[in-house]
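Residues per chain, in single letters:
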4 protein chains.
Amino acid sequence: MIIVLKAEATETDAKDILAKIESVKLKPLFMPGTERIVLGALGDERVLQSLNIGAHPMVENVKPILSSYKQVSREIQSHDTLVQFGKTTIGGGSFLVIAGPCAVESEEQILQSTRLVKQHGASAVKAGAFKPRTSPYSFQGLEEKGLKLLKSAAEQYQLPCVSEIIDTNHVELMSQYVDAFQIGSRNMQNFNLLKAVGQTQVPILLKRGMSATIEELLLAAEYIYSEGNTNIIICERGIRTFEKAYNNTLDLNAVAFIKNRSHLPVIVDPSHGVGIKPLITPMSKAAIACGADGLMIEAHHNPQSALTDGQRALDETEFEQFMDEIKPFIHAAGKTLSEQAST
Amino acid sequence: MIIVLKAEATETDAKDILAKIESVKLKPLFMPGTERIVLGALGDERVLQSLNIGAHPMVENVKPILSSYKQVSREIQSHDTLVQFGKTTIGGGSFLVIAGPCAVESEEQILQSTRLVKQHGASAVKAGAFKPRTSPYSFQGLEEKGLKLLKSAAEQYQLPCVSEIIDTNHVELMSQYVDAFQIGSRNMQNFNLLKAVGQTQVPILLKRGMSATIEELLLAAEYIYSEGNTNIIICERGIRTFEKAYNNTLDLNAVAFIKNRSHLPVIVDPSHGVGIKPLITPMSKAAIACGADGLMIEAHHNPQSALTDGQRALDETEFEQFMDEIKPFIHAAGKTLSEQAST
Amino acid sequence: MIIVLKAEATETDAKDILAKIESVKLKPLFMPGTERIVLGALGDERVLQSLNIGAHPMVENVKPILSSYKQVSREIQSHDTLVQFGKTTIGGGSFLVIAGPCAVESEEQILQSTRLVKQHGASAVKAGAFKPRTSPYSFQGLEEKGLKLLKSAAEQYQLPCVSEIIDTNHVELMSQYVDAFQIGSRNMQNFNLLKAVGQTQVPILLKRGMSATIEELLLAAEYIYSEGNTNIIICERGIRTFEKAYNNTLDLNAVAFIKNRSHLPVIVDPSHGVGIKPLITPMSKAAIACGADGLMIEAHHNPQSALTDGQRALDETEFEQFMDEIKPFIHAAGKTLSEQAST
Amino acid sequence: MIIVLKAEATETDAKDILAKIESVKLKPLFMPGTERIVLGALGDERVLQSLNIGAHPMVENVKPILSSYKQVSREIQSHDTLVQFGKTTIGGGSFLVIAGPCAVESEEQILQSTRLVKQHGASAVKAGAFKPRTSPYSFQGLEEKGLKLLKSAAEQYQLPCVSEIIDTNHVELMSQYVDAFQIGSRNMQNFNLLKAVGQTQVPILLKRGMSATIEELLLAAEYIYSEGNTNIIICERGIRTFEKAYNNTLDLNAVAFIKNRSHLPVIVDPSHGVGIKPLITPMSKAAIACGADGLMIEAHHNPQSALTDGQRALDETEFEQFMDEIKPFIHAAGKTLSEQAST
């Protein structure tokens, strides 16, 4: 329920009502605005009705939240959420390119790859240290050593960095090294992991599951949000369909739909989302055009030598050209490429 | 097989080789270029090998066509095909908006709807007269009467018109009224219908089937092309997936992929392809950004009264705003909105 | 609407009410039962309400038909429909195996293949003469010559035969040769073809489209039924999913669901539905177990030489073993293998 | 690689070769058979080739393992694996029914539900204590209290019990209460969880992810197996498709396919797999017919009061009838319902 207080209501009135909400074990939300105080109550709506809050003298009106996701919906917050990621911001009019290799492989590799993405305009670097691989016999990542190398490269080139978290027990470890946690597709509904990262204030890049509906994706975001971490970035990365021409079917409809229904920023990963090189640039342009707030791009200083996913990573020349080609569309969308932080 | 002749080869040499190809019952193709003559041979490649054409003194090289679709592939023709539709052109740098109601309903309705799409920048009008409806109890279209009304409205507002053909027996009838035949999703693999329209020179707007792979779509185009009608426009209109948030999942990856592999122009129908109003404009922008040559938009002068699909048709105000919003992206894509023909 | 008349109502009362239904341009249905006369009215239910039929003295009650398909639903007919196919019957307790090659290829091939399926227990033979092929360069069938060969083989071995119809113009031609028309997956929503075969009394084997929902499938059946041909057999043949281990994903849930919601008989085609040989027998057993009334099996006297689909056709030894293995499940399902007709 | 030793080879020879395999950091497998010793080497096959093991005097032949999953494949072990679950066995000719409510809700509920499933023939009980729910606002399970109640009910009715594990940190806790761990669909690719349970000897019931391919499912099993836990039961529970008539599309093709390619036992969960009550019995029969080794059925003594999934749980009368109806198919499949263990 969304409870809009009258203009003359004070914070004391609000506290009074929030206490009532809490007294019946619903979750109270306090959302002071510039003109009005708005309150929320999450949980069984029948219980709330028993409180008869609409009759309170300081309540202007009470309306239900129609979507199953509550706090991440535009019903409860109409303006866009901006997420701080290192010294850069995602959401609003600034468009963020996060780029880097699939995995940290060596000091040389992560340094070179970070340098190249920085040089050609990315504002953040990404690379995996704990790699969730389909086969137990595939390269599983450099683990903590990889995190150290990533942090070191990111610091050298003054970029914030993001890496995937795959275990509730890694929260503390990873917090020392990265500026944002990526929740991968396979863990989108690993609810204990969502709760664990929800108890931090580290920005979360939440990737859509391979066959997750948008409702499930936003409910996964709600798991994080309801634990208290509101720094959530949604990432569309392709879904499974019958089509075999591409690795995944990048679903840009999801971008337009989520921007319409949720206040969270949305970025797109075409490198995994469609997964074949000649389509990365056109699909990135399309992502920008339909409202995305950023892109996540696989780039590697030497893709031929990559231990994972080399066939879809852009090399330096390709990444430079990619950045040039997307700029007119960022402009057409009324946004600007986010500036690289400087000290 | 693609057979590239030497620079000094003459048309007589070409005819000699084509005769050999024909003698083993393969389909010969004659493709004179500005510098070289290129020949093609379609059919069982083992048969062709028995001819040992590579040894012919005037043959420079012979290479196989790797894709299953042949004549519509970029392997056999690297430059874009332009399709003439009335006095306008699809393909190349000119971007075409086709708009109109789902079905012709009345003289007043088709006149008003045609007027509004013309007035705000569409270069062609569309409306159905034979409607393939899921239920036998739904409105099935005005049939020939509908075609007459459509033609009359199109002439009054000097726009070319397109309408769906659903029966091989309608080819002659429909040729009298429309400038292009639409093959709908449900008939994408109605091969006798493809062959029938392939025997005309009427432009064909071929819609992707609801779960057709891109290979199947291009092979459907190949059916038309191989009958002799090269005026084919491919239309992406959404596929079936598990996602329930939209009617269909518009697959823009297909646009980028087909533009990469085939020389045919590609347009996008977001009105059916995603099917919910607030997503039509963002997905149209995205379609432009990833390389589409045009859009097909449902517009109706009075959507509330529409007999079919009214909930997704844009009204005049919405269509005007839609046209305004897509223009910066047409520009960013380096294209121009195709001009409306004048007499 | 379903209109149940009182026990004392006469046929004259029924005619009186049917005339009223017809007067407002709804479709009247007359369904005399052993105890009561039941009437139906199809079309816009608001129009029907204006007649106030519930107030007629001979009407016991009026209830809406909830499903979008009407005449094929169990709401309007609770008992199973039996379809006569040559001298054999589909539906009820008799289980029918239809078998044969994908296509008629030669006199020898169709004779040998028909002999083998007859010898090992099939009660009907199938083979294609007009083949809808994905590529225009693939074998398209022997056409009328193929139909002649099929009919001749079927007569020699005293089996009814079925073959696919792909064009409204072939209805008369095919009626001379076959005992049932197959509507293939690609034509499930070729509505003019459905209407054309609906105007005959030839049994129709209607295959589910590759991504047709069950509702669409039953509405396709409704197209045929509402034209007057009630001899419809539904065929589940696999749907498109993300899974690449098999050609199609045979959806046996559809069999159980349709048997629950419709009175029409349902058969299963595992040869196309899953499409890999070691799975044909287990999936056939499963089809029987979940309620199918028959199977359609690809069998060929010499699969290695087959022009189409040889890799999934059973040879004589395999077909014999197949028939042996499915029998215990037909028995467990309380059915009997339908007897082969004799003269 | 599979390395078959000569008949005269001794265990010393085997150890010699295994040491070589280990020396190049490949994973060695020792698989003594009744007639021959078979060895395996997992990892980069090019490395193995450098050893030239085929030239060893005691090696009869060396062949590659073609599938990406190795130890769970039939290539490496042709006979069926039997898994001990409490005092009962899964796999081989004994057919196991596991039944119980979705979640433990109260002492009374789990006792009554366990009693009913035992009384009518189930050989194991299931119920969730940690529930992975799509929404953070839904009932999340009784946690350890639920495990205690489940164990107590299971002991009273002498049935082994299974419950879902959702966190690597719960392995020890859950081991005290349950006889098998269920890995749910959402965690099928939670690789750290797979590794953690792989380090126990507790039987694992591994459910297929909602859009997991069979290859991914078997690779998930390989994660567990390669850690040393070979007690794995695969569970098919429905996939995501476009069809909206059922909750999920139960994919029985997967059962037949996995039985063909892997030696692990396979069970089917139709309660979630198709998810609508009238289809549970027919789809269970079909599961038996296509080769499943067991079923997992939602049953509740009072479904109307269930906190989760009540609409698809069978009540006592329905469960009794269900057990009666499936028996003829277990018999037709040449199996017997596994006996309930007694002390």
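Residues numbered from 1 in each chain as written. Chains lettered and ligands numbered in written order. Predicted model: local features only at pLDDT ≥ 70, side-chain atom pairs only at ≥ 80, totals over all residues. Heavy atoms only, no water.

**Regarding the overall build of chain A**
- Within chain A, the regular secondary structure consists of 11 helices and 15 strands.
- Here the C-alpha atoms of chain A give a radius of gyration of 21 Å, agreeing with the 20 Å that 2.2 N^0.38 yields for 343 residues.
- Sequence separation of at least 24 residues holds for 68% of the intrachain contacts in chain A that already meet a minimum separation of 6.
- Distance between charge centres in chain A, computed from 33 positive and 39 negative side chains, equals 3 Å. (Helix = DSSP H or I, 4+ residues; strand = E, 2+ residues; numbered from the N terminus. Rg over C-alpha atoms; globule rule 2.2 N^0.38 Å. Contact = heavy atoms within 4.5 Å. Lys, Arg positive; Asp, Glu negative; His and termini not counted. Charge placed at Lys NZ, Arg CZ, Asp CG, Glu CD.)

**Thoughts on the pairing of strand β14 (residues 294–298) of chain A**
Residues and elements named next belong to chain A.
- Burial within β14 is extensive, with five of its five residues counted as buried.
- Neither face of β14 is left uncovered, since the one carrying Gly-294, Met-296 and Glu-298 and the one carrying Leu-295 and Ile-297 both have all their residues buried.
- In terms of strand pairing, strand β7 (residues 94–100) meets β14 through five bridges, oriented parallel. Residue pairing in the sheet places Leu-96 in a bridge with Gly-294 of β14.
- Here two bridges tie strand β13 (residues 266–268) to β14, and the two strands are oriented parallel to one another. What sits directly across from Val-268, in β14, is Leu-295. (Buried < 20%, exposed > 50% of the residue type's maximum accessible area, 1.4 Å probe, protein only. Pairing = 2+ DSSP bridges.)

**Structural notes on helix α10 (residues 280–289) of chain A**
Residues and elements named next belong to chain A.
- Most of α10 is tucked away: 10 of the 10 residues are buried.
- Turning to α10, its buried residues number three or more, namely Ile-280, Thr-281, Pro-282, Met-283, Ser-284, Lys-285, Ala-286, Ala-287, Ile-288 and Ala-289.
- Directly beyond the C-terminal end of α10, a positive phi value near 115 degrees is found at Gly-291.

**A short note on the domain arrangement of chain A**
- Here chain A is described as being made up of domain 1 (2–63) and domain 2 (83–337).
- Averaged C-alpha coordinates put domain 1 of chain A and domain 2 of chain A at centres separated by 38 Å. (Domains from an automatic or database assignment.)

**Some remarks on the relation of the copies chain B and chain A**
- Of the transformation superimposing chain B on chain A, the axial component is 0.0 Å and the angular component is 180 degrees, with the fit at an RMSD of 0.1 Å. With respect to symmetry, the two chain copies, as superposed, fit the operation of a two-fold axis. By C-alpha distance to the rotation axis, the residue of chain B lying nearest is B:Ala286, at 2.0 Å.
- When the interface residues of chain B are mapped onto chain A, 100% of them are again interface residues, pointing to one common binding face. (Least-squares fit on C-alpha atoms with pLDDT ≥ 70 in both.)

**Some words on the sheet that holds strand β3 (residues 37–42) of chain B**
All names here are of chain B.
- The sheet built from four strands is open, its strands ordered β2-β3-β1-β4 with antiparallel pairing. Each edge of the open sheet is held by one strand with a lone partner, namely β2 (27–32) and β4 (59–63). Strand-to-strand twist in this sheet, taken as the mean axis angle between neighbours without regard to direction, amounts to 20 degrees.
- Bridge analysis of strand β1 (residues 2–5) against β3 gives three bridges, and the strand direction is antiparallel. Within β3, the residue paired with Ile-2 across the bridge is Gly-40.
- Across the face of the sheet, helix α1 (residues 11–23) comes into contact with β1, β2, β3 and β4 while running at roughly 160 degrees to β2. (Axes fitted to C-alpha atoms, helices over the stretch in contact; angles between N-to-C directions.)

**Some thoughts on the interface of chain D and chain B**
- If you look at the interface, chain D gives four residues, while chain B gives four residues.
- In total, chain D and chain B occlude about 360 Å² of area from one another, counting both sides; carbon and sulfur atoms represent 71% of this.
- Across the chain D-chain B interface, the total number found is zero salt bridges.
- Inspection of the region where chain D meets chain B yields zero residue pairs in polar contact (both at pLDDT 80 or more).
- For the side of chain D that touches chain B, the class distribution of residues is one nonpolar, one polar and two charged. (Buried area = accessible area lost by both parts, 1.4 Å probe. Salt bridge = Lys/Arg side-chain N within 4 Å of Asp/Glu carboxyl O. Polar contact = N/O pair within 3.5 Å; in protein donor to acceptor, adjacent residues only side chain to side chain. Nonpolar A, V, L, I, M, F, W, Y, C, P; charged D, E, K, R; others polar.)

**Quick word on the interface of chain B and chain A**
- Contact residues are listed per partner, giving 36 residues for chain B and 36 residues for chain A.
- Around 2,700 Å² of area is buried between chain B and chain A when both sides are counted, 72% of it from carbon and sulfur atoms.
- Considering only the surface of chain B that becomes buried against chain A, B:Phe242, B:Asn253 and B:Phe329 emerge as the three largest contributors, covering 23% of it.
- Counting the contacts that link chain B with chain A gives two salt bridges.
- We note a salt bridge from A:Glu243 to B:Arg208, for which the minimum N-O separation is 2.9 Å.
- There are 10 residue pairs in polar contact (both at pLDDT 80 or more) connecting chain B and chain A.
- For the side of chain B that touches chain A, the secondary-structure elements that each account for two or more residues are α8 (252–261), α10 (280–289) and α11 (316–332) of chain B.
- Here the residues of the side of chain B that touches chain A sort into 25 nonpolar, six polar and five charged.

**Digging into the environment of D:Ser106**
Residues and elements named next belong to chain D.
- By secondary structure assignment, the location of Ser-106 is in the loop between β7 (94–100) and α3 (107–119).
- Sequence separation of Ser-106 and Gly-146 is 40 residues, and the distance between their C-alpha atoms is 7.7 Å.
- Setting aside anything within four residues of it in sequence, one finds Ser-106 in contact with Leu-142 and Leu-149.

**What to know about the pattern of salt bridges**
- A complete count under the given rule lists 60 salt bridges over all chains for this structure.
- Where B:Glu316 meets B:Arg115, a salt bridge forms, and the shortest distance between an N and an O atom there is 2.9 Å. Residue B:Glu316 is found in helix α11, and its partner B:Arg115 is found in helix α3 (residues 107–119); the two are separated by 201 residues along the sequence.
- Two residues, C:Lys207 and C:Asp269, come together in a salt bridge whose shortest N-O distance is 2.6 Å. Taken together, the residues C:Lys207 in strand β11 (residues 204–207) and C:Asp269 in the loop between β13 (266–268) and α9 (270–273) connect sequence positions 62 residues apart.

**Looking at the environment of C:Ile2**
- Take C:Ile2: it is sitting in strand β1 (residues 2–5).
- C-alpha separation for the pair C:Ile2 and C:Ala41, spaced 39 residues apart in sequence, amounts to 6.7 Å.

**Some details on the packing of aromatic side chains**
Residue and element names in this part refer to chain D.
- Under the counting rule described, the total for this entry stands at 12 aromatic pairs over all chains.
- Here Phe-191 and Tyr-223 contribute two aromatic rings whose centre-to-centre distance is 4.5 Å and whose plane-to-plane angle is 25 degrees, an arrangement assigned as stacked. You can see Phe-191 sitting in helix α6 (residues 191–198) and its partner Tyr-223 sitting in helix α7 (residues 214–226), a full 32 residues away along the chain. Neither residue differs from the other here; Phe-191 and Tyr-223 are each classed as buried. (Phe/Tyr/Trp six-rings, centres within 6.5 Å; stacked < 30°, edge-to-face > 60°.)

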